[in-house]
Amino acid sequence: MSSDNSEQSGSASTGFKRTMMNSAILVDRKTATPLRLFALNLVGSQKFTVAMLILIVCNTATTAILSEPNTYASSGWYLVILDFAFQGIFVAEMVLKIYAWRRLFVYSGWNILDMLLVLFGFVDWIRFLSSTATLAKSLQFMQMLRFFRVIRVIRSLRILRSIALFRTLQMLVSTLLRSLPAMAAVGVLLGMVMYISSVISTALYGNDYPRFGSIGSSLMMCFQLLTLDDAFTPYDVIAPTSSSIGVFLVAYIVIAALVINQMLIAIIMNNLEETQNQMLVREKKAAQKRKALRVQRAQR
């Protein structure tokens, strides 16, 4: 029973989008108004989804162009008006979804992220409307506006909304989120291996190679070896005076760069398979539920 509850709670965040796309079926047509049913069909349609994705990509490109000082000075006015138009469209989309889904809107984490990014868009409106005000002459107020301009970069995260529009991307992101606890444990293990290796390399080869002269520099060198970048340089320098450097480098690279790296890949692949199975089970249950609702309404 507890496993069923955990599956239902997990599906409320990752698999709820597909249910909301078919929310026109789940809503009782006797209580829903024709306008709300129209809104449900509109926000759940594939054409609407593709159109919003195109607008998101265009708005992201506009935000990037506005970040260029030369472009902003020459044609910034037109780009700002275009940016405001995008903002108005996204606000209308959010209002339409809230009207269509009501309380179901907040059950999806992607909708919450979308709402926050849309609210960040009003920062530019405040900056634009206050640019001619007498308050804008204040140095403290200008510093605050510069901070808001930096916040505008966060709006480029709106492209993340496309993750919720594609099943494969959503599955990959869900896999990464599921893998974070295990990846954190592997990261702790890797940190321990790097620290032990840095202590050993500092004690044995600190006098022969400056990059192993202290714990800090040894840690940076161990991180460089982790990427297999220029791994033969310390060997060429230290080998004439200490033959054990070859054993140390081979052991460290095999443990840190190969074994632990393979552990990360195994964790991600295992969680990817589990995520695929869970998404298939949730989609099957949602299809069975929609079919049962259609049968019940046909019998009335």
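For the structure, see preceding data.
In this report, the structure presented in the accompanying data block is examined. Everything quoted here is computed from the prediction, not taken from an experiment.

Rules used in this analysis
Residues numbered from 1 in each chain as written. Predicted model: local features only at pLDDT ≥ 70, side-chain atom pairs only at ≥ 80, totals over all residues. Heavy atoms only, no water. Helix = DSSP H or I, 4+ residues; strand = E, 2+ residues; numbered from the N terminus. Contact = heavy atoms within 4.5 Å. Areas by Shrake-Rupley, 256 points an atom, 1.4 Å probe, with all protein chains shown as cover. Phe/Tyr/Trp six-rings, centres within 6.5 Å; stacked < 30°, edge-to-face > 60°. Buried < 20%, exposed > 50% of the residue type's maximum accessible area, 1.4 Å probe, protein only. Salt bridge = Lys/Arg side-chain N within 4 Å of Asp/Glu carboxyl O. Expected span 1.5 Å × (residues − 1). Polar contact = N/O pair within 3.5 Å; in protein donor to acceptor, adjacent residues only side chain to side chain. Arc of directions from axis to C-beta. Core = buried A, V, L, I, M, F, W, Y, C linked by side-chain atoms within 4.5 Å. Axes fitted to C-alpha atoms, helices over the stretch in contact; angles between N-to-C directions. Parallel < 35°, antiparallel > 145°, perpendicular 65-115°, else oblique. Left-handed = near helix turned anticlockwise from the far one by under 90°. Nonpolar A, V, L, I, M, F, W, Y, C, P; charged D, E, K, R; others polar.

Okay, the overall build of the protein chain next. Secondary structure summary: the protein chain contains 13 helices and zero strands in total. Counting helices and strands in the order they occur from the N terminus, the protein chain gives α-α-α-α-α-α-α-α-α-α-α-α-α. Put simply, 70% of the contacts in the protein chain that link residues at least 6 apart link residues at least 24 apart. Of the roughly 17,900 Å² that the protein chain leaves accessible, carbon and sulfur atoms contribute 69%.

On to the packing of aromatic side chains, then. If you walk through the whole model with that rule in mind, you get five aromatic pairs. Centroid distance Y205 to F212: 6.3 Å. Interplanar angle 45°. Geometry classified as tilted. When sorted by exposure, Y205 lands in the same class as F212, which is buried. Pairing Y209 with F212 gives two aromatic rings, centres 5.6 Å apart and planes at 65°, and the pair type is edge-to-face. Aromatic rings pair up to connect Y205, Y209, F212, F248 and Y252 into one cluster.

Turning our eyes to something else, we now look at the pattern of salt bridges. For the structure on display, the rule yields two salt bridges. In this structure, E93 engages K97 in a salt bridge whose closest nitrogen and oxygen atoms are separated by 3.1 Å. With E93 and K97 both in helix α6 (residues 69-101) and four residues apart, this pair spans about one turn of that helix. Note that R178 is salt-bridged to E274, the shortest N-O span being 2.8 Å. One end of the pair, R178, is in helix α10 (residues 167-205); the other, E274, is in helix α13 (residues 245-299), and 96 residues separate them in sequence. What makes R178 partly exposed here is its relative accessible area of 34%. With a relative accessible area of 32%, E274 lands in the partly exposed category.

This part covers unusual backbone geometry. In this structure, L228 takes a positive phi of about 60° despite not being glycine. Here L228 shows up in the loop between α11 (215-226) and α12 (232-238). Judged by relative accessible area, which is 49%, L228 ranks as partly exposed. The phi dihedral of D230 falls on the positive side, at around 55°, and the residue is not glycine. You can call D230 partly exposed: its relative accessible area is 43%.

Across its 21 residues, helix α5 (residues 46-66) extends 30 Å between first and last C-alpha, which sits within 8% of the 30 Å expected from 1.5 Å per residue. Within α5, burial applies to F48, T49, M52, L53, I56, N59, T62, T63 and L66. A distance of 3.4 Å separates the backbone nitrogen of F48 from a side-chain oxygen at the start of α5, and that oxygen is part of S45.

By the secondary structure assignment, S201 is in helix α10. Polar contacts involving the side chain of S201 include one to the main-chain carbonyl oxygen of S198, which spans 3.0 Å. Contact partners of S201, with chain neighbours within four places excluded, come to G206, F212, S218 and F248.

Take helix α4 (residues 34-43) next. Turning to α4, its buried residues are R36, L37, A39, L40 and V43. Taken around the axis of α4, the buried residues stretch over an arc of 160°, which confines them to a single face. Turned more than 90 degrees away from the buried face of α4, the exposed residues are P34, L35 and F38.

Next up on the list: the nonpolar core. Within the largest apolar cluster, 22 residues are counted, with the highest numbers of intra-cluster contacts made by L226 and Y252. Going through the elements one at a time, α10, α11 and α13 are the ones with two or more residues in this core. In terms of residue count, the dominant contributor to this core is α13 (nine residues).

Right, let's talk about the packing of α11 against α13 for a bit. Here α11 crosses α13 at 70°, and the two axes come no closer than 9 Å. If you check the angle between α11 and α13, you find them roughly perpendicular. The handedness of the crossing between α11 and α13 comes out as right-handed. Residues C222, F223, L225 and L226 of α11 form the contact with α13, whose participating residues are L249, Y252, I253, A256 and A257. When its residues are assigned to classes, the contact of α11 with α13 shows nine nonpolar, no polar and no charged.

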